[in-house]
Amino acid sequence: WAEKNSEENRKNFLDMLLTEENGVSESQFLFECDQLNLPMKQGGYIVCCLKIDSRTYVHLSQEEWQNKITEAMGKTGEGWNWIVYYQGYGNLFIIFSDVREKDRNRAAVGALMQSIQIALMQEWVCTVMAGVGHYCKTYHEIAKSRMEAETSVQEITASKLVTEMLRYIHENYTNPDLSLKEIAEKLFVNYSYLSTQFKKEMGMSASQYILRFRMTKAADAFRSGEENMIEVAGAVGY
């Protein structure tokens, strides 16, 4: 009961910080940071927003999201303080704290978010959009930073070519004849160059990505109640 109550308090507290500019007094802020073990008392914040496409079935607890983002950041995230807040429906917020404006600006945070986008896309084969809010000195401005992060979300920061290729795959994965050769012809790009560029940016070959995307869609179909394997296979391009 105590653990469940603490999780609920944490959720409510972070929700207030992200949505209400003056919803939390300074004494309450300091008290909740201590009680909920949140590393936010130092000041200097940047809020980032992640929107994960609902095409992929992802249901993680708050603690699992924290671990997943830590894993996705890897060595790039060393030395940063952050808190993850999962709002639901694929909306995820990361509150960076103890940020020094000169050392860690929006560009640095944007680069960090790009590494998270790629890591999550590689693991779940889904579209992950991200936005970065402005730097704020006090916790009163966290809500404004969150609003800016939400309004600035954009697709994975890949080259225009790879972005177009991903969009083509997502729209045509049901075609059993879908291949890198076909994609290269549709995009008027050299086959070998497209293959090399995709693997360089996405960390896997185009055929591996198409396979994983189809498997993800098939898994979604089975979770939704479909039982006929042949029909599901046909629906995802086999």
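The shown structure was predicted, so the numbers you read here are calculated from the model rather than taken from an experiment. (Residues numbered from 1 in each chain as written. Predicted model: local features only at pLDDT ≥ 70, side-chain atom pairs only at ≥ 80, totals over all residues. Heavy atoms only, no water.)

**Focus on the confidence of the model for the chain**
Step number 1: Confidence in the prediction for the chain averages 84 pLDDT; 92% of positions are at 70 or higher.
Step number 2: The least confident element of the chain is helix α4 (residues 106–124), whose mean pLDDT is 78; the most confident is helix α10 (residues 229–235), at 93. (pLDDT = per-residue confidence, 0-100. Helix = DSSP H or I, 4+ residues; strand = E, 2+ residues; numbered from the N terminus.)

**Looking at unusual backbone geometry**
Step number 1: Positive phi values are uncommon outside glycine, yet D98 reaches one of about 55 degrees.
Step number 2: With respect to the element layout, D98 can be found in the loop between β3 (91–97) and α4.
Step number 3: Judged by relative accessible area, which is 35%, D98 ranks as partly exposed.
Step number 4: Even without a glycine there, the phi angle at F188 is positive, about 55 degrees.
Step number 5: Within the secondary structure, F188 sits in the loop between α7 (180–186) and α8 (191–202). (Buried < 20%, exposed > 50% of the residue type's maximum accessible area, 1.4 Å probe, protein only.)

**Looking at the nonpolar core**
Side chains that are nonpolar tend, in soluble globular proteins, to be buried together.
Step number 1: By size, the foremost hydrophobic cluster in this structure holds 26 residues, and its most contacted members are M165, L166, I169, I183, L194, F198 and Y209.
Step number 2: Of all elements in the fold, only α6 (160–172), α7, α8 and α9 (206–223) reach the threshold of two or more residues within this core.
Step number 3: When residues no more than four places from it in sequence are discounted, the contact partners of I169 are L178, I183, Y209 and I210.
Step number 4: In this structure, I94, V99, V109 and M113 belong to the second largest nonpolar core, which totals 25 residues. (Core = buried A, V, L, I, M, F, W, Y, C linked by side-chain atoms within 4.5 Å. Contact = heavy atoms within 4.5 Å.)

**Things to note about a negative patch on the surface**
Step number 1: Together, E7, E8, E63 and E64 give the surface a local cluster of negative charge.
Step number 2: Where the negative patch is concerned, the elements lending two or more residues are α1 (2–19) and α3 (62–73).
Step number 3: With respect to the helices and strands, E8 occurs in helix α1. (Patch = residues over 30% accessible without salt bridge, like charges linked within 9 Å, V, L, I, M, F, W, Y side chains within 5 Å. Areas by Shrake-Rupley, 256 points an atom, 1.4 Å probe, with all protein chains shown as cover. Salt bridge = Lys/Arg side-chain N within 4 Å of Asp/Glu carboxyl O. Lys, Arg positive; Asp, Glu negative; His and termini not counted. Charge placed at Lys NZ, Arg CZ, Asp CG, Glu CD.)

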